[in-house]
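# A structural walkthrough
What follows is the residue order along each chain.
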Amino acid sequence: MTKRGTEEPLSEEEGLEEVTSGEVTEKNRPNTAPTICTTEELDAMYKKVQEEFNVFKDQYEFPDDMTKNGKKKLLKTLKFDFFKAIRRKIEREKLKRKKANNPASAPKRRKGNKLCDSNNKLRVAVDCSFDDLMTEKDIVKLSKQIQRIYAMNRHMDNPLQLHLTNMQGKTLERMGCVDGYKNWDINLKSESLIELFEPSNVVYLCAESENLLSTFDDSKTYVIGGFVDHNAHKGLAYERAKAAGFQHARLPIDQFFTISTRKVLTVCHVFEIISNFCVSNSWTSAIEKTVPERKGLKSLDDKTKSEETEALKTDDAVKDES
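Residues numbered from 1 in each chain as written. Predicted model: local features only at pLDDT ≥ 70, side-chain atom pairs only at ≥ 80, totals over all residues. Heavy atoms only, no water.

### Focus on unusual backbone geometry
Of note, N166 is a non-glycine position whose phi angle comes to about 60°, a positive value. One can find N166 in the loop between β2 (161–165) and α6 (169–175). Given the relative accessible area of 12%, N166 is considered buried. Despite not being glycine, N281 shows a phi value in the positive range, around 60°. Position of N281 among the secondary structure elements: in the loop between α9 (267–280) and α10 (283–290). What makes N281 exposed here is its relative accessible area of 59%. (Helix = DSSP H or I, 4+ residues; strand = E, 2+ residues; numbered from the N terminus. Buried < 20%, exposed > 50% of the residue type's maximum accessible area, 1.4 Å probe, protein only.)

Written as structure tokens, this is what we have:
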């Protein structure tokens, strides 16, 4: 095949265009099947990255005042970041292989629902202003909880208007290890709550509050303390909320249930209760679905029935003795 008016041969791409008048048909479509790396090729890639990291590690200069344990922790973080790309590569190749062997079993990526399209206008904010009081390990735990609540929100039919406030310092630095977090469909703010919202429209959720939350108001912003402290700073979020002039409330767990352990829940558990309530409009259903078994959650109705049964057994025993 030649170009019109010349004797020059057409290139492969030009030939396709000539045959299809600007459209590539299935018959003439080039083979676009994904290439899959073999296990040996992936092993070779991983080994090369390992060698590069060993060179990097030998040349890395630690601060003079850093302890042996501190160096060990820093090296672990550096290694995690160094191997991130090859880990992602291996995961993608495994997925390609699985899809090629059995297309039906390959997981399909669900397209998340956007905040701007959601019918749910309830604002929920995670206050990330506590990172100066958390250890490095606790900041890692918080970042994982943030990832989880983002995933939960994305999978809702009508996601909540989710905000992350005070995103700076160690927490922001740690979030830098999460691929693509800057592209999240979320309101990511470095400003504090008081800079973003009117104090009168903020309701801080605290287990210590004497106010009981009965329902939600779309004109308010409901705040979850982004804090992992293992009870080392009990009541801190409550005290900060009062000092800032925010309203505060507690989830109505004790109205329906008893808990054998402490009532403080994780960030993702509080968010999950709120999201479940938005779907079911039932506190009992939302709490039962969320609170883990280790908390020893018991319905107040079950407790009353149990006490009545025990009382009847005692009365029967007394009658038998008499």
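### Looking at the side chain of H163
Mapped onto the elements, H163 comes out in strand β2. Residue contacts for H163: discarding those within four places in its chain leaves R123, V124, A125, V126, N187 and F197. (Contact = heavy atoms within 4.5 Å.)

### As for the side chain of E272
Its location among the elements puts E272 in helix α9. Note on E272: relative accessible area 16%, which makes it buried. Each residue touching E272, except ones within four places of it in the same chain, is listed here: R148, M152 and T290.

### Topic: the environment of G225
Relative to the assigned elements, G225 resides in strand β5 (residues 221–225). Apart from residues lying up to four places away in sequence, G225 is in contact with D127, F130, Y204 and V267.

### Some thoughts on the pattern of salt bridges
This model, assessed by the stated rule, comprises 8 salt bridges. Of the charged contacts in the structure, one is a salt bridge between E272 and R148, with a shortest N-O distance of 3.7 Å. With a gap of 124 residues between them, E272 in helix α9 and R148 in helix α5 (residues 136–154) connect regions that are remote in the sequence. The partner of D254 in a salt bridge is R250, with the nearest N and O atoms 3.2 Å apart. Among the residues examined, R250 registers a relative accessible area of 17% and is labelled buried. Within the structure, one salt-bridge network assembled from shared partners comprises K84, R88 and D179. (Salt bridge = Lys/Arg side-chain N within 4 Å of Asp/Glu carboxyl O.)

Function cannot be inferred from these measures alone, as they are strictly geometric.
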